Amino acid sequence: MEDSANFELSWLPKAPGDFSKQCRSLGSQTAECGAAVRKLAGYRLDTNQLLSLSKAIERVRSEGVSLAPLRPYRLGLISNSTSDFVTGALTATAARHGIDLECIAAGYDQAVQESLDAHSAVNSSAPDGVLIAIDWRGLPILPSPGDSERGVETLRASIAHLRLMATGIRQNTKATCIFQTLAAPPEALFGSLDRLLPGTTRWLIDEINRAIRDLASETEGIVVDIAGAAETVGLANWHSPEQWNIAKLAFSQDYAPLYAEYVCRAISAVRGATRRCLVLDLDNTLWGGVIGDDGVNGIRVAQGDADGEAYLALQSYILALRNRGVVLAVSSKNEDETARSPFREHPDMVLREEHFAIFQANWNDKPTNIRAIAQELSLGLDSFVFVDDNPFERELVRQSLPEVAVPEMPEDPARYARTLAAAGYFESVVFSEEDRKRASYYEGNARRAALQKQVTDLEAYLASLKMEITFQPFNEVGRARIAQLINKSNQFNLTTKRYTESDVARMEADPSYFTLQVRLTDVYGDNGMISVIICRKDSTAEWEIDLWLMSCRVLGRRVENMALRELVGHARRAGVQTLTGAYIPTARNKLVERHYASLGFNQVRGAKDGATLWELDTHVDLPTFPMTVRSLGFPETAMPAGRFF
């Protein structure tokens, strides 16, 4: 039943008939076990299937089998309810998001004790994050209908209770606190007035949920909107009085897949694994009909027509995604001019040509086109979502490009927009002005790529871009974006160390660090912040490059060379003789394996795991490139602004 789409996760393909058998066979081919686990997790699984998969994961993990390329994440779980079935659902669901999740759960109703005790199971496990899974029954909520003063006191007491747990976690670990909003009970005392009358349970829960968002910001935590999840399926369905009374389950066990999906999306977003690009088919996806057969006037995409309005609703949702920074691309089996004609000529189209960074209309197969789009945008395939009404095309992409997310689309186009939204591929835990502009950055990149094809000389091409690069030390204005880049950049990241916003603030004020934030503009627009460098001043003669990361969308534009020139210039003026930097290999950063070598560093040490250490004499001559350089916010000894190389 399509109305159950949210809690049944209907955007995922159905599990195969031999799902249990495949779970039992996990580990037989150890080299591909991680990929096999992720594939099994990618099906539409109910609570029992999730528990079966989680047990298989625990088994292969105990046998010492690697789950790479899944990325490890240790999650602490504290709750006022029974959480046994939740931990299994979380472990299995996390694999769908590329995470090898180890879940350490506190005992029943031991949330406060577990968070405050430095030696508790959760705190002593060195978790990456701790899920504070407290529902409304775990807070001191004392209804006082019509009494605003007592209502405010109850609100403060409830938030103080959550803050106490968060403080204990932060004092005892370096974990991110993961809060969840409260799903209100469905029972009303005054009916429609409950939400408006101060002191009622519903009023209190609404106010607490608003305060939880502030608490998360205060503690550098994140919020999972469990209240929103419950409302999609109905509060009366979410809450099971029978299961609470018998087993102290905070919500009906039927909704464990949905609960785990919401939590794991947030964890994935914290790790920077949010999808960034939406690739769209055209015929019977963005409009009804086949443009090559029906023509512009024959396709269904207009007000006053049920199907046409359904497709317009999808287009409106896609445009909203684009306006919040999601990059749009087209992959259509069609003649190019024919495929573009609706965007140019149909008066009711919401989407237009300029909204797409890449437009691939040809007779190549969809996986070939998606690979080409990924290469042109300098994005990994795991950043992509592909939407197509055709089941054959969807399965072909799943089989050929397993990293790409491919939602199952319902038969009725009226549910296209809701299905894409429910899938949560573009989950975010923060949103910045840089995020808002991301789509325009990639659209500019597409124009740069088109220009490059017309220019055979690379240096002439770079000069034609009239690039201006700006260097600044870390500061309050850039702090949130710096932390976001540090936590989501994986490919062009030499060490993939992670720092929080408070860590970034500490480095701003610490004289033992030298920091750089790098921005780039050109004739096609502002690329935003594209690189971050952190150096530790180990001695007066040596600086260690602790972190060097860069956005892959500016690869090949000599940004790394110019960043090194800037870094070397500051090091020289500080009397530093040597820069050192390490490359620590991960499953995703092979791209920068030869980064230091390409910049003229000398390798001084290597390890069996592939890690290398590099050195550069700061008095080395460095090449110049056509770029205007601005250095802002450095001491008087810094290089002058407006240099041109």
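Report on the accompanying structure. (Residues numbered from 1 in each chain as written. Predicted model: local features only at pLDDT ≥ 70, side-chain atom pairs only at ≥ 80, totals over all residues. Heavy atoms only, no water.)

Examining the overall build of the protein
- What the protein contains, in helices and strands, is 24 helices and 18 strands.
- Relative to the compact-globule value of 26 Å for 645 residues, the protein shows a C-alpha radius of gyration of 26 Å, a close match.
- A total of 645 residues make up the protein; the buried ones form 55% of that total.
- In the protein, once contacts between residues fewer than 6 apart in sequence are set aside, the share between residues at least 24 apart is 72%. (Helix = DSSP H or I, 4+ residues; strand = E, 2+ residues; numbered from the N terminus. Rg over C-alpha atoms; globule rule 2.2 N^0.38 Å. Buried < 20%, exposed > 50% of the residue type's maximum accessible area, 1.4 Å probe, protein only. Contact = heavy atoms within 4.5 Å.)

As for the pairing of strand β1 (residues 71-79)
- β1 sits mainly inside the fold: 7 of its 9 residues count as buried.
- In the sheet, β1 pairs with strand β2 (residues 99-105) via 7 bridges, with the strands oriented parallel. When the sheet's bridge partners are listed, Leu75 is paired in β2 with Cys103.
- The handedness of the β1 to β2 crossover, carried by helix α5 (residues 84-96), is right-handed.
- With 5 bridges joining them, β1 and strand β3 (residues 129-133) adopt parallel strand pairing. Across the sheet, residue Leu77 finds its bridge partner in β3, namely Leu131. (Pairing = 2+ DSSP bridges. Right-handed = clockwise from strand over helix to strand, strands pointing away.)

Here we look at the pattern of salt bridges
- If you walk through the whole model with that rule in mind, you get 31 salt bridges.
- Between Arg210 and Glu207 there is a salt bridge whose closest N-O contact spans 2.4 Å. Taken together, the residues Arg210 and Glu207, both in helix α8 (residues 201-218) and 3 residues apart, mark about one turn of the helix.
- In this structure Arg210 comes out as partly exposed when scored by relative accessible area, which is 46%.
- Between Asp546 and Arg536 there is a salt bridge; the shortest N-O distance is 3.1 Å. A residue pair is termed long-range when its members are at least 10 positions apart, and Asp546 in strand β13 (residues 542-550) and Arg536 in strand β12 (residues 525-539) qualify at 10 residues.
- We classify Asp546 as buried; its relative accessible area is 0%. (Salt bridge = Lys/Arg side-chain N within 4 Å of Asp/Glu carboxyl O.)

A look at the sheet that holds strand β7 (residues 327-333)
- What the 4 strands build is an open sheet, ordered β8-β7-β6-β9; its pairing is parallel. In this open sheet, the two edge strands, each paired with only one partner strand, are β8 (358-362) and β9 (384-387). Sheet twist, expressed as the average angle between the axes of neighbouring strands with direction ignored, equals 15 degrees.
- Sheet topology places strand β6 (residues 277-280) next to β7; 4 bridges connect them, and they run parallel. Its bridge partner lying in β7, Cys277 is registered against Val327. (Axes fitted to C-alpha atoms, helices over the stretch in contact; angles between N-to-C directions.)

Description of the sheet that holds β1
- Spatial strand order, β2-β1-β3-β4-β5: 5 strands in an open sheet with parallel pairing. Sheet topology places β2 and β5 (222-224) at the edges, where each strand pairs with a single neighbour. Ignoring strand direction, the axes of neighbouring strands in this sheet form an average angle of 30 degrees.
- Judged from the 4 bridges that link them, β3 and strand β4 (residues 176-180) form a sheet pairing that is parallel. The partner of Ile132 across the bridge, within β4, is Phe179.

Observations regarding the packing of α5 against helix α12 (residues 256-270)
- Packing of α5 against α12 leaves a shortest axis separation of 8 Å and a crossing angle of 55 degrees. Put simply, α5 runs oblique to α12. Along this stretch, α5 crosses α12, giving a crossing that reads as right-handed. Each of Phe85, Val86, Ala89, Leu90, Thr93, Ala94 and Arg96 in α5 lies in contact with α12, whose residues at this interface are Ala256, Tyr259, Ala260, Glu261, Val263 and Cys264.
- Class assignment of the residues belonging to the contact of α5 with α12 gives a composition of 10 nonpolar, 1 polar and 2 charged. (Parallel < 35°, antiparallel > 145°, perpendicular 65-115°, else oblique. Left-handed = near helix turned anticlockwise from the far one by under 90°. Nonpolar A, V, L, I, M, F, W, Y, C, P; charged D, E, K, R; others polar.)

Overview of the packing of aromatic side chains
- Under the defined criterion, the tally for this structure stands at 13 aromatic pairs.
- For the pair Tyr311 and Tyr416, a centre-to-centre distance of 6.1 Å together with 75 degrees between the ring planes defines the contact as edge-to-face. Separated by 105 residues along the polypeptide, Tyr311 in helix α14 (residues 306-323) and Tyr416 in helix α18 (residues 416-423) bring together distant segments of the chain.
- What links up through ring pairs into an aromatic cluster is the set Phe85, Trp238, Phe251, Tyr255 and Tyr259.
- Cation over ring: Arg137 sits above Trp244, and NZ or CZ is 3.9 Å from the ring centre.
- One residue, Arg340, lies across the ring of Phe359, its end atom 4.3 Å from the ring centre. (Phe/Tyr/Trp six-rings, centres within 6.5 Å; stacked < 30°, edge-to-face > 60°. Lys NZ or Arg CZ within 6 Å of the ring centre and 35° of its normal.)

What to know about a nonpolar patch on the surface
- A surface patch of nonpolar side chains, about 430 Å² in accessible area, is lined by Leu189, Phe190, Leu193 and Leu196.
- In this structure, Leu196 sits in the loop between β4 and α8. (Patch = residues over 30% accessible without salt bridge, like charges linked within 9 Å, V, L, I, M, F, W, Y side chains within 5 Å. Areas by Shrake-Rupley, 256 points an atom, 1.4 Å probe, with all protein chains shown as cover.)

Some remarks on empty space enclosed by the protein
- By the definition in use, this model includes 2 cavities of 30 Å³ or more.
- A volume near 170 Å³ is recorded for the largest cavity.
- As for the largest cavity, its lining consists of 20 residues, of which Asp135, Gln180, Ala250, Phe251 and Tyr259 are closest to the centre.
- Of all the secondary structure elements, the ones that give two or more residues to the lining of the largest cavity are β1 and α5.
- A class-by-class count of the residues in the lining of the largest cavity yields 12 nonpolar, 7 polar and 1 charged.
- Taken as a whole, the second largest cavity spans an internal volume of roughly 30 Å³.
- Of the residues assigned to the lining of the second largest cavity, the class counts are 6 nonpolar, 1 polar and no charged. (1 Å grid on protein atoms, 1.4 Å probe; cavity = no way out; pocket = protein on both sides within 12 Å on 5 of 7 lines; lining within 4 Å. Points joined across faces, edges and corners; volume = space filled by probe spheres on them.)

Quick look at the packing of helix α21 (residues 479-488) against helix α22 (residues 501-509)
- At a minimum axis distance of 9 Å, the contact between α21 and α22 shows a crossing angle of 120 degrees. Comparing their axes, α22 and α21 come out oblique. The two elements α21 and α22 cross, and the hand of that crossing is right-handed. Between α21 and α22, the contacting residues are Arg479, Ala480, Ile482, Ala483 and Ile486 on the first element and Glu501, Val504, Ala505 and Glu508 on the second.
- A breakdown of the residues in the contact of α21 with α22 according to their chemical character gives 6 nonpolar, no polar and 3 charged.

Some details on unusual backbone geometry
- With an omega dihedral of 10 degrees, the bond running from Ala68 to Pro69 counts as a cis peptide bond.
- Positionally, Pro69 belongs in the loop between α4 (47-62) and β1.
- Phi at Arg558 takes a positive value of approximately 70 degrees, unusual for a residue other than glycine.
- As for its placement among the helices and strands, Arg558 is situated in the loop between β13 and α23 (559-573).
- Of the residues examined, Arg558 reaches a relative accessible area of 25% and is grouped as partly exposed.

Focus: the pairing of strand β15 (residues 602-606)
- Along β15, only 0 of the 5 residues are buried, which leaves the element largely exposed.
- Of the strand pairs in this sheet, β15 and strand β16 (residues 612-617) are connected by 4 bridges, and their pairing is antiparallel. Bridge assignment links Gln603 to a residue of β16, and that residue is Trp614.
- In this structure, the hairpin formed by β15 and β16 is closed by a connection of 5 residues, where Gly610 is found at a positive phi of approximately 95 degrees.

Spatial relationships are all this shows, so hold off on functional conclusions.
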